[in-house]
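# Close look at the chain arrangement
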Amino acid sequence: MASHHIIQVAVPRPLHSVYDYHVDDATEIPLVGARLRVPFGRSEVIGICVSTAVDAPHENTKAILEILDAEPVIDEELLELARWMSGYYHYPLGEVLATILPSAARKGAAFDIKPPPPPDLWHLVDPSAVSPRAKTQLALVQHLQEAAAAVTGTELESAGFNRPMLRKLENLGVLERQAEATAPTLDAPLNPTPEQAQAIDAVTQAKEFTPFLLEGVTGSGKTEVYLQIMAPVLAQAQQVLVLVPEIALTPQTLARFENRFAGVGVMHSALTDQQRLQTWLRCRSGDIRVLIGTRSAVFTPFNDLGLIIVDEEHDSSYKQQEGLRYSARDLTVKRAQTANIPLLLGSATPSLESLYNVQRQRYRHLTITQRAGGALMPRFDVIDLRGQRLRGGFSDTLIRIIRQHLAEAGQVLIYLNRRGFAPTLLCQHCGWQCVCSDCDAKLTLHRRPEQMVCHHCSLRFALPERCEHCGHEDLIPVGVGTQRAEETLVELFPGVPLYRIDRDTTRTTTQLNAQLEQIHRGRPCIMVGTQMLAKGHHFPQVTLVAVVNADAGFLSPDFRAPERTAQLIVQVAGRAGRAERPGEVWIQSYQPDNPLLKRLLSQGYGSFAEAELASRLQAGLPPGQPMAMLRAEAFEPQLALEFLQRCKSHLQKHADHLGEETASAAQIMGPIPAPMARVAKRTRFQLVVIAVSRPQLHRLLASIGQPKTHASLRWSIDVDPYDAM
Ligand code: ADP
Ligand code: ZN
Ligand code: ZN
């Protein structure tokens, strides 16, 4: 036994997740960071070797089964990041590593870069081998003769010539593939405005770890700043990581980077497992110079990373809301620190977390107050809904304003926070509302096809014919979703092109892009949609933005709701008047005097955020004091509740012990039912921990360890939760 070499392996399993194994053949000790196949319980798993320097000889270790990699797949930097995350998010190391690895690699795929596919550009070499009776082949020859230049396989395919035939003619020497056209000509940088120039200089001069917050109003040319700070980094043969929100990876955004630099790669959820792995590897080899990606791209290894940019840093999509609940934005800070490189967080509506870091002089603040290219900021007005009769959610005032903008050949953008037809189906006699069988949620009425849909568990139901409570048949849809708004607008403005953009109409990016292409032609039209419309898009012809109802967000009990609502309003509004024509923003509200709304509209986001941050700090809420949330759910409500009650008494004891004589180290609140207490038949409770400092928070959370729980109980720790209710 003593001759066995013991190693440590992180396996993708909860509980301890790091286990000792031994290697039978001491000449074959794996490298740290390599994948191994190991026995685990009664099955086998793929784990990562995290240490080979375990000296205490161990009894009862199992032998590893196979070393999958001669070279580490997780390099030193990623392993350190994983260890750090495991500590910060209180999540097992093996599962952190499994989250970091592309799923193809996790399942054991070979870790090598595949050669690029052969070029797909075809030209004619020698038509003589084509038989005079092969009509389609002759047609192809004619097609290529007429085209004069080489034609892509995709184009030939859509002209009715299939690929097997192309390959056959290639073998006969009739056709040849041609290398892709030479590198595209790249766009030249724009002449920066003085404010842009200042930001560009500041970042370019920073050589070491320096986090910057670029606060630039919508349309201020932040992207141009990104491009110009990237150029010198790329000229030094270093790489750049650009994170963008899930929604922003439109061809438009991508094209702006691709038209400026060669070697741009992308990473997002629509890629296949194999594509993700290839992109990962090509970043690691240095082949990809610029990686533009969504949340999980933060885990990509680089050969020589020189700069990280996070666009729309306030965006909620950077926070993973299940499993390992990490914030990709926060992880970029850690990565930039380790690599000792500058980091730029950009937004028109920065998060209060980042503004707080500016206040504490952890981040340097760069601002752009003017729109680029001479466009003016839009004008804001509120429409008082009190006492008004509405048509499908629209006041007469708003209808008149829409008509006027269309008549002046403007495009109109209408924002709503609900998809579907109506958020509620209500009995007019007794007030009963149609609810989900498995959740506490009201069902949303959808049309085409007509059904009741639960937006929480996705169950679908037939429309009830009568009230389940009193039996009356007078059920009426209440409230307005995007489908109803669409229907109303079609009636009001017949003949005007209307594009509904929400998750139901844009299941694929192709669908979304087809709609965006029509809109970009610039003819007068109406767009109605959810927050998908609010983010990142550039609609030069939009002169009117309307927010159908701004109230819900300011009334929610979640302490982050006002911040989120303000960001959303400013971002939607930012789609207006981005070109020569000035824009107007109209907001319908039943509470036009709400102080938060008034402050936002009269003094702008900066002033709103300052006041909101002050009130958070005063209330002892994040970002002033760090928060974590423990969630538990079970089919049997009592199980979840009792689990959190036990956690609470344990935490409270520790907090009192850790704290000063007079004050505890943390405030522990709850457990209370989650805002949507029952989802998919499980009942959910939550416990909030607010600690006096980050180290104290971590000490407390670490003290929970791995409590014994019932098999049917699910529980999790969420550090820096985004949804605080
Ligand atoms: P943001 O990302 O801040 O919302 P964009 O980068 O989309 O803004 O820029 C808005 C518009 O202004 C774009 O059409 C862009 O090409 C243009 N623009 C940016 N910088 C300049 C500049 N220095 N001179 C002229 N136009 C500019
Ligand atoms: Zn009823
Ligand atoms: Zn449901």
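Overview of the structure. Small disclaimer: the values here were computed from a predicted structure and weren't measured.

Here we take up the environment of arginine 391. With respect to the helices, strands and loops of the structure, arginine 391 is situated in strand β18 (residues 390-391). Through-space distance from the C-alpha of arginine 391 to that of leucine 492 is 9.5 Å; in sequence the pair is 101 residues apart. Setting aside residues up to four positions removed in sequence, arginine 391 forms contacts with Ile399, Thr488, Glu491 and Leu492.

The next subject is the side chain of glutamate 353. Structurally, glutamate 353 can be placed in helix α12 (residues 352-359). Reaching out from glutamate 353, the side chain makes a polar contact with the side chain of arginine 560 at a distance of 2.8 Å. Residues within four places of glutamate 353 in sequence aside, it is in contact with Arg329, Arg560, Glu563 and Pro623.

This part covers the coordination of the zinc ion (ligand 3). Each pair of donors in an ideal four-coordinate tetrahedral metal site encloses 109.5 degrees, whereas pairs in an ideal six-coordinate octahedral site enclose 90 or 180 degrees. Coordination sphere of the zinc ion (ligand 3), protein contribution only: Cys436 (SG), Cys439 (SG), Cys454 (SG) and Cys457 (SG), at 2.2 to 2.4 Å. Geometry at the zinc ion (ligand 3) is tetrahedral, judged from the 4 donor atoms that bind it and their angles of 105 to 115 degrees at the metal. Sequence spacing of the donors to the zinc ion (ligand 3): C-x2-C-x14-C-x2-C. You'll find cysteine 436 and cysteine 439 in the same group, each marked buried.

Counting across every chain of the model gives 7 aromatic pairs. Look at tyrosine 19 and phenylalanine 40: their rings are 5.3 Å apart centre to centre, the planes differ by 70 degrees, and that puts the pair in the edge-to-face class. Within this pair, whereas tyrosine 19 is found in strand β2 (residues 18-23), its partner phenylalanine 40 is found in strand β3 (residues 35-40), the two being separated by 21 residues in sequence. Looking at tyrosine 19, the relative accessible area reads 24%, which means it is partly exposed. Among the residues examined, phenylalanine 40 registers a relative accessible area of 18% and is labelled buried. Plain terms: the ring middles of phenylalanine 643 and tryptophan 715 are 5.2 Å apart, the flat faces sit at 50 degrees to each other, and that makes the pair tilted. With phenylalanine 643 in helix α19 (residues 637-658) and tryptophan 715 in strand β33 (residues 714-719), the pair connects residues that are 72 residues apart, well separated along the chain. By relative accessible area, tryptophan 715 is classed as partly exposed at 25%. Three or more aromatic residues joined by ring pairs form one cluster here, namely Trp84, Tyr88 and Tyr89.

This next bit is on the site of ligand 1. Asn191, Gln196, Gly219, Lys222 and Arg256 are the nearest of the 18 residues found near ligand 1. Within the backbone of glycine 221, one N or O atom sits 3.0 Å away from an oxygen atom of ligand 1. A distance of 2.9 Å is found between an oxygen atom of ligand 1 and a side-chain nitrogen or oxygen belonging to arginine 256. When ligand 1 is considered free in solution it has 560 Å² of accessible area, and contact with the protein chains removes 76% of it.

Neither face of strand β26 (residues 498-501) is exposed, since Leu498 and Arg500 on one face and Tyr499 and Ile501 on the opposite face are all buried. For β26 and strand β27 (residues 526-529), the ladder comprises 4 bridges, and the chain directions are parallel. Its bridge partner being in β27, leucine 498 is matched across the sheet by isoleucine 526.

This paragraph deals with the coordination of the zinc ion (ligand 2). Only Cys427 (SG), Cys430 (SG), Cys467 (SG) and Cys470 (SG) from the protein coordinate the zinc ion (ligand 2), and they sit 2.2 to 2.3 Å from it. Because the angles between the 4 donor atoms bound to the zinc ion (ligand 2) fall within 103 to 114 degrees, the donor set is best described as tetrahedral. Spacing between the donor residues of the zinc ion (ligand 2) along their common chain follows C-x2-C-x36-C-x2-C. Classification of cysteine 427 as buried rests on a relative accessible area of 1%.

Turning our attention to the nonpolar core. Generally speaking, nonpolar side chains in soluble globular proteins are found buried as a group. Grouped together as the largest cluster of nonpolar side chains are 111 residues, with contacts concentrated most on Ile74, Met85, Leu97, Tyr326 and Leu630. When neighbours within four sequence positions are excluded, methionine 85 is seen to be in contact with His90, Val96, Phe299, Leu324, Tyr326 and Leu331.

On to the sheet that holds strand β23 (residues 451-453), then. Here we have 3 strands laid out as an open sheet, ordered β22-β23-β24, and antiparallel in their pairing. The sheet is open, and its two borders are formed by β22 (444-446) and β24 (460-461), each paired with just one other strand.

Turning our attention to the environment of isoleucine 414. Relative to the elements of secondary structure, isoleucine 414 occurs in strand β20 (residues 411-415). According to the relative accessible area criterion, isoleucine 414 is buried, its value standing at 0%. Discounting residues that sit within four places of it in the chain, isoleucine 414 has contacts with Phe394, Ile402, Leu489, Ile526, Met527, Val528, Gly529, Leu533, Ala546 and Val548.

Attention now moves to the pattern of salt bridges. Evaluated as defined, the whole model comprises 35 salt bridges. The residue glutamate 487 makes a salt bridge to arginine 447 at a minimum N-O spacing of 3.6 Å. Of this pair, glutamate 487 sits in helix α14 (residues 482-492) while arginine 447 sits in the loop between β22 and β23, and the two are 40 residues apart along the sequence. According to the relative accessible area criterion, glutamate 487 is partly exposed, its value standing at 31%. With relative accessibility at 25%, the residue arginine 447 sits in the partly exposed group. One salt-bridge network, held together by shared partners, links Lys319, Arg325, Arg631 and Asp718.

Across the sheet, 3 strands lie side by side as β8-β7-β9; this open sheet has antiparallel pairing. On the outer flanks of this sheet lie β8 (151-152) and β9 (175-177), each paired with one strand and no other. Direction of pairing for strand β7 (residues 121-124) relative to β9: antiparallel, over a ladder of 3 bridges. The residue bridging leucine 124 from the neighbouring strand is leucine 175, located in β9. Contacts from helix α4 (residues 135-147) reach β7, β8 and β9, with the element oriented near 95 degrees to β7. In the packing of helix α6 (residues 163-171) onto the sheet, the strands contacted are β7 and β9, and the crossing angle to β9 comes to about 105 degrees.

Moving on to the side chain of arginine 616. Turning to its location among the elements, arginine 616 is positioned in helix α18 (residues 595-618). The residues touching arginine 616, leaving out its near neighbours within four places in the chain, are Leu352, Phe559, Arg560, Glu563, Leu621, Pro622 and Pro623.

Every α-helix winds through 3.6 residues per turn, so residues three or four apart in the chain are directed the same way. With 12 residues, helix α13 (residues 396-407) should reach 16 Å at 1.5 Å per residue; the first-to-last C-alpha distance of 17 Å fits that figure. Among the residues of α13, those classed as buried are Leu398, Ile399, Ile401, Ile402, His405 and Leu406. For α13, the angular spread of buried residues about the axis comes to 165 degrees, placing them on one side. Facing away from the buried side of α13 by over 90 degrees, the exposed positions are Asp396, Arg400 and Ala407. Looking at the residues trailing α13, positive phi occurs at alanine 409, about 65 degrees.

Right, let's get into the pairing of strand β29 (residues 584-589). Regular strands place side chains that alternate from one sheet face to the opposite one. The element β29 is extensively covered by neighbouring structure, given that 5 of its 6 residues are classed as buried. The sheet contact formed by strand β17 (residues 379-384) and β29 spans 6 bridges and is parallel. Looking at β29, one finds that arginine 379 is bridged to glutamate 584. Where strand β28 (residues 542-547) meets β29, 4 bridges bridge the pair, whose relative direction is parallel.

Reading the values: rules and limits
Residues numbered from 1 in each chain as written. Chains lettered and ligands numbered in written order. Predicted model: local features only at pLDDT ≥ 70, side-chain atom pairs only at ≥ 80, totals over all residues. Heavy atoms only, no water. Helix = DSSP H or I, 4+ residues; strand = E, 2+ residues; numbered from the N terminus. Contact = heavy atoms within 4.5 Å. Polar contact = N/O pair within 3.5 Å; in protein donor to acceptor, adjacent residues only side chain to side chain. Donors = N, O, S within 2.8 Å, 3.2 Å for Na, K, Ca; no water. Tetrahedral: all angles 85-135°; square planar, octahedral: opposite > 155°, others 65-115°. Buried < 20%, exposed > 50% of the residue type's maximum accessible area, 1.4 Å probe, protein only. Phe/Tyr/Trp six-rings, centres within 6.5 Å; stacked < 30°, edge-to-face > 60°. Near = heavy atom within 4 Å. Areas by Shrake-Rupley, 256 points an atom, 1.4 Å probe, with all protein chains shown as cover. Pairing = 2+ DSSP bridges. Core = buried A, V, L, I, M, F, W, Y, C linked by side-chain atoms within 4.5 Å. Salt bridge = Lys/Arg side-chain N within 4 Å of Asp/Glu carboxyl O. Axes fitted to C-alpha atoms, helices over the stretch in contact; angles between N-to-C directions. Expected span 1.5 Å × (residues − 1). Arc of directions from axis to C-beta.

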